[in-house]
2 protein chains.
Amino acid sequence: MLNDKARIAVLVSGGGTNLQALIDAQASGVLKSGEIVFVVSNKPDAYALQRARRAGIETTVITGSRTTFESALISTLDRHEIDVIILAGFMKILSADVVSHYPGRIINVHPALIPSFCGEGFYGLKVHEAALARGVKVTGATVHIVNEIADGGPILLQKAVEVYPDDTPETLQKRVMEKAEWILLPRAAEMLSKQIVLEKEKQYD
Amino acid sequence: MLNDKARIAVLVSGGGTNLQALIDAQASGVLKSGEIVFVVSNKPDAYALQRARRAGIETTVITGSRTTFESALISTLDRHEIDVIILAGFMKILSADVVSHYPGRIINVHPALIPSFCGEGFYGLKVHEAALARGVKVTGATVHIVNEIADGGPILLQKAVEVYPDDTPETLQKRVMEKAEWILLPRAAEMLSKQIVLEKEKQYD
C-alpha cells in the first residue's frame, strides 16, 4: 500500500475558486500525496459542483437541518473512506460531533491573518469589511486545522497580502484569494496528505 | 517659514534601537521633513540617552508618579515647541491628558500586526511570546497614531515578517525589529512630519 494517496473530500457552498485551485494543484503536481475523490455541497446550485464534475470528481449535495446534514455528511464521508476534509468556502460551521470524528483531519482557509478578524461572525466579505474598517495595511490568509473553537485550531500556513488605499471589500477579497488562499490551500492539502500517507506507511511497516 | 521642519521629540525607556533608526534616517535623508530635537527618557540609565547625546540631541530624564511625570512631560514638550512625539520603545502608557494635548501628533510602534496581539498587557517580549504560543506563521509591526485606546489609534504603516519554526521570543523580536520596526518608524515619522509642514505652510498662505 506504499503508493496509496490520501483520499480528500472538499466541502463547498459557492463558486468554488478554492476547489479549482486544488484541482489545478493536482494537475500540476503541487498536490501529489492526496487525491480529491469527492466534493460535497450544502447548496444544490453551487457553481463549485460544475467545476468538480468537469474534473471528473464525484459530487453530492446534502441539505437539511444541522443534525440531518451532519449525520448524512459523516456517513457519506466514512463510506468514501475520506482521510482529509478541506473546507473551501464552505459557509457552515461544523459541530464538535463532526470535528471530533475527524480529529486533525479537517482544514479550513480563513481570509485574514488569524488571530485578526476571525471567530464567529467573521466570514466571507465581512472579514474584509472589518479589515478595511480598522484600517490595516496588511492582511492575508490562514490555513488551519479545524477544532472545536471557530478559527481556533492550529495554524498550518499563513501569507500576508498588502491592502491598497482604494480597496473595497470586494477588491481586497479578490486579492487575498489570488495572492494567498489559492496558493496556501493546495500546499496545506499536500502537507496534511503527506503526513497521512507517512502514518499509513508506518502502520504497514 | 517654508523651509521649517517639524520638531520631533522621541520618548524612550531602554536600548534605543528605534531611536537609532530615526537618527540614521535623518542622516540618510529618509527623514527630511522633521528633525529630532529632543529625547525624553523615563529611565535615567537608558542606553538610548547615550545614543541621543552621541548624535548631538538634547536629552532629559523625567521620573516620578504618573501625574508628576505627565505634567513635567507636557510642560517640557511645550517649551520645546514639539510638533511630533514618537514613542520608541517607551514602556509607559500615556494617559488621555497627554494624548488629548497632542491630538494626532503622537505615534507608536507596536511589534505585531494590529489587531493581533495588542492592547493592554501586550508589550515587549510578551507580544512575541503570545504570537509563538498561537503558532502564527506571519507577524510584523505596526506604526499607529496614539489615541485614548491602547493600540487602538489609526494605523499609519504595517509590515509583515515571517515566523521561523525554531524561533524563540528573542529571535522573533530581533527579526521584527530589523525587518519591520526600524524601517516603518522613520517612514511614519517622515509622513507625519511632512503633513505638519504642509499644514504650517497653509497657515502662512
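Only a predicted model underlies this, so the values are computations on that prediction, with no experimental measurement involved. (Residues numbered from 1 in each chain as written. Chains lettered and ligands numbered in written order. Predicted model: local features only at pLDDT ≥ 70, side-chain atom pairs only at ≥ 80, totals over all residues. Heavy atoms only, no water.)

### Describing the overall build of chain A
The secondary structure content of chain A amounts to six helices and seven strands. Moving toward the C terminus, one meets the helices and strands of chain A in the order β-α-β-α-β-α-β-α-β-α-β-β-α. Relative to a compact globule of 205 residues, whose C-alpha radius of gyration would be 17 Å, chain A shows 17 Å and is just as compact. When the backbone C-alpha atoms are referred to their principal axes, chain A occupies close to 55 × 35 × 35 Å. Out of the 205 residues belonging to chain A, those deemed buried represent 51%. Counting every atom, chain A has about 9,600 Å² of accessible surface; 51% of that belongs to carbon and sulfur. Between the centroid of the 22 positive side chains of chain A and the centroid of its 24 negative side chains there is a distance of 4 Å. (Helix = DSSP H or I, 4+ residues; strand = E, 2+ residues; numbered from the N terminus. Rg over C-alpha atoms; globule rule 2.2 N^0.38 Å. Buried < 20%, exposed > 50% of the residue type's maximum accessible area, 1.4 Å probe, protein only. Areas by Shrake-Rupley, 256 points an atom, 1.4 Å probe, with all protein chains shown as cover. Lys, Arg positive; Asp, Glu negative; His and termini not counted. Charge placed at Lys NZ, Arg CZ, Asp CG, Glu CD.)

### A short note on the pairing of strand β3 (residues 58-61) of chain A
Residue and element names in this part refer to chain A. Note that strand β2 (residues 34-41) and β3 share four bridges and pair parallel. Paired with Ser41 across the two strands is Val61, which belongs to β3. Viewed along the sheet, the connection from β2 through helix α2 (residues 47-54) into β3 turns out right-handed. (Pairing = 2+ DSSP bridges. Right-handed = clockwise from strand over helix to strand, strands pointing away.)

### Topic: the relation of the copies chain A and chain B
Taken as rigid bodies, chain A and chain B are interconverted by a rotation of 180° and an axial shift of 0.0 Å, the fit giving an RMSD of 0.0 Å. Taken together, these values place the two copies in the relation of a two-fold axis. Proximity to the rotation axis, assessed at the C-alpha, singles out Ser116(A) in chain A; its C-alpha lies 2.6 Å from the axis. Most of the interface of chain A is mirrored in chain B, where 100% of its interface residues again form contacts. (Least-squares fit on C-alpha atoms with pLDDT ≥ 70 in both. Contact = heavy atoms within 4.5 Å.)

### Digging into the packing of helix α1 (residues 17-28) of chain B against helix α6 (residues 169-204) of chain B
Residues and elements named next belong to chain B. Two elements in contact, α1 and α6, have axes separated by 9 Å at closest approach and are oriented at 55°. Here α6 runs oblique to α1, going by the angle between their axes. In terms of crossing hand, the pair formed by α1 and α6 is right-handed. Contact residues: Thr17, Asn18, Ala21, Leu22 and Ala25 in α1; Met177, Glu181, Trp182, Leu185, Pro186 and Ala189 in α6. Tallied by class, the residues present in the contact of α1 with α6 amount to eight nonpolar, two polar and one charged. (Axes fitted to C-alpha atoms, helices over the stretch in contact; angles between N-to-C directions. Parallel < 35°, antiparallel > 145°, perpendicular 65-115°, else oblique. Left-handed = near helix turned anticlockwise from the far one by under 90°. Nonpolar A, V, L, I, M, F, W, Y, C, P; charged D, E, K, R; others polar.)

### So, the sheet that holds strand β7 (residues 155-162) of chain A
All names here are of chain A. Across the sheet, which stays open at both edges, the seven strands sit in the order β3-β2-β1-β4-β5-β6-β7 with mixed pairing between neighbours. On the outer flanks of this sheet lie β3 and β7, each paired with one strand and no other. Each strand axis lies, on average, 20° off the axis of its neighbour in the sheet, ignoring direction. Its contacts with the sheet put α2 on β1 (6-12), β2 and β3, and the angle it makes with β3 is roughly 160°.

### Things to note about the interface of chain A and chain B
Of the residues lining the interface, 20 residues belong to chain A; the matching set on chain B comes to 20 residues. A combined buried area of about 1,400 Å² lies between chain A and chain B, and 58% of that area is made up of carbon and sulfur atoms. Where chain A packs against chain B, one counts zero salt bridges. The interface formed by chain A and chain B includes eleven residue pairs in polar contact (both at pLDDT 80 or more). When residues in the side of chain A that touches chain B are grouped by element, the largest group, six residues, is from β7(A). (Buried area = accessible area lost by both parts, 1.4 Å probe. Salt bridge = Lys/Arg side-chain N within 4 Å of Asp/Glu carboxyl O. Polar contact = N/O pair within 3.5 Å; in protein donor to acceptor, adjacent residues only side chain to side chain.)

### Comments concerning the confidence of the model for chain A
On average, residues of chain A score 94 in pLDDT, and 99% of them reach the 70 mark or higher. For this predicted complex, the interface confidence comes out at an ipTM of 0.89, alongside a pTM of 0.91. (pLDDT = per-residue confidence, 0-100.)

### Here we look at the pattern of salt bridges
It is possible for side chains bearing opposite charge to pair when their charged atoms get close. Residues and elements named next belong to chain B. Tallied over the full model, the rule gives eight salt bridges over all chains. For Lys174, the salt bridge identified is with Glu178, shortest N-O distance 3.0 Å. Pair noted here: Lys174 and Glu178 are both in helix α6, with a separation of four residues, about one helical turn. Taking the relative accessible area as the measure of exposure, Glu178 reaches 36% and is therefore partly exposed.

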